[in-house]
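Chain by chain, the residues run as shown.
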Amino acid sequence: NYVAGSSDWKKSRQYYDYTSTSMTTSGKHAWQYGRFEMRARIDTRQGSWPAFWILGDGTAWPQSGEVDIMEYYANKVLANVCTPAGSNCTWDSTNQSPASLGTNWSDDFHVWAMEWDAQNIDLYLDDKLVNTYTVSTAGSGSSNPYDTKNFYILVNLAIGANGGDPSNTTFPITYAVDYVRVYQKAN
């Protein structure tokens, strides 16, 4: 797709130095409420930007809502919830450095989870509550994506950008996912 002199990022690079990947349930399955859980080991070296997140189905961002159950970059493990605000988000965010989580934290598998119901979105790391978001914060009625929408899952590893410059990192950068699960109460 290379076009010399193009300002389109998809066409302006003759060679790609890095590739990344994403898995999604978009167009396959989406859920409202429940426990969303992933067990994984993330690479925390420079250039790595792994995430486990959800987006609202059928609406453009940011009105779709977004919950970053886990996002890692700039030496921070984040747990974020977007409150749609016009053409952007107001983020309710917490972060922790891997060093604050323990020696050799990045060498081990961890469990990230979200428990979501009509009142709250609770985000966990290894069974420790790290962020609570009150669903009504996002508005009322049809404008509140967390009260009205089904959400699909994304699990991705981006390289560079918010993850930082990967040029001094020895590849491969690895994001090892053991499982992703969704639990819901039977009606």
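Every chain is numbered independently, its residues counted from 1 as its sequence is written. Local features are withheld for residues below a pLDDT of 70 in this predicted model, meaning they are given only at 70 or higher, and side-chain atom pairs are given and counted only at 80 or more; totals for whole chains, interfaces and linings count all residues. Hydrogens are left out, water is left out, and the side-chain values use all remaining heavy atoms of the structure.

A. Main features of the pairing of strand 4 (residues 66-73). Of all 8 residues in strand 4, 7 are buried, a share of seventy percent or more. Whether two strands pair comes down to DSSP finding at least two bridges between them. Helix numbers and strand numbers start at the N terminus; a helix is a DSSP run of H or I with at least 4 residues, a strand a run of E with at least 2. Sheet topology places strand 3 (residues 48-56) next to strand 4; 5 bridges connect them, and they run antiparallel. Across the sheet, Ile54 pairs through a bridge with Val67, a residue of strand 4. With 5 bridges connecting them, strand 4 and strand 5 (residues 76-85) associate as antiparallel partners. Paired with Tyr72 across the two strands is Val77, which belongs to strand 5. Count of turn residues in the strand 4/strand 5 antiparallel hairpin: 2 residues, of which Ala74 carries a positive phi of about 50°. Burial status follows relative accessibility: with a 1.4 Å probe on protein chains alone, a residue under 20% of its type maximum counts as buried, one over 50% as exposed, and anything between as partly exposed.

B. Molecular detail of the nonpolar core. Here, the term nonpolar core denotes a set of buried Ala, Val, Leu, Ile, Met, Phe, Trp, Tyr and Cys residues that are joined through side-chain atoms within 4.5 Å. Counting residues in hydrophobic clusters, the biggest one holds 35 residues, and the most contacted among them are Phe52, Trp112, Ile121 and Tyr146. Secondary-structure elements contributing two or more residues to this core are strand 2 (34-41), strand 3, strand 4, strand 5, strand 7 (110-116), strand 8 (120-125), strand 9 (128-134) and strand 10 (151-159). With 5 residues, the single largest contributor to this core is strand 10. The criterion used for residue contact is that any of the two residues' heavy atoms lie within 4.5 Å. Setting aside residues no more than four positions away along its own chain, Trp112 makes contact with Phe36, Glu37, Met38, Ala40, Ile42, Phe52, Ile69, Met70, Val77, Trp105, Tyr124 and Leu125. With 6 residues, the next largest nonpolar core counts Ala51, Trp53, Tyr152 and Leu154 among its residues.

Any functional reading would require information that these geometric values do not contain.
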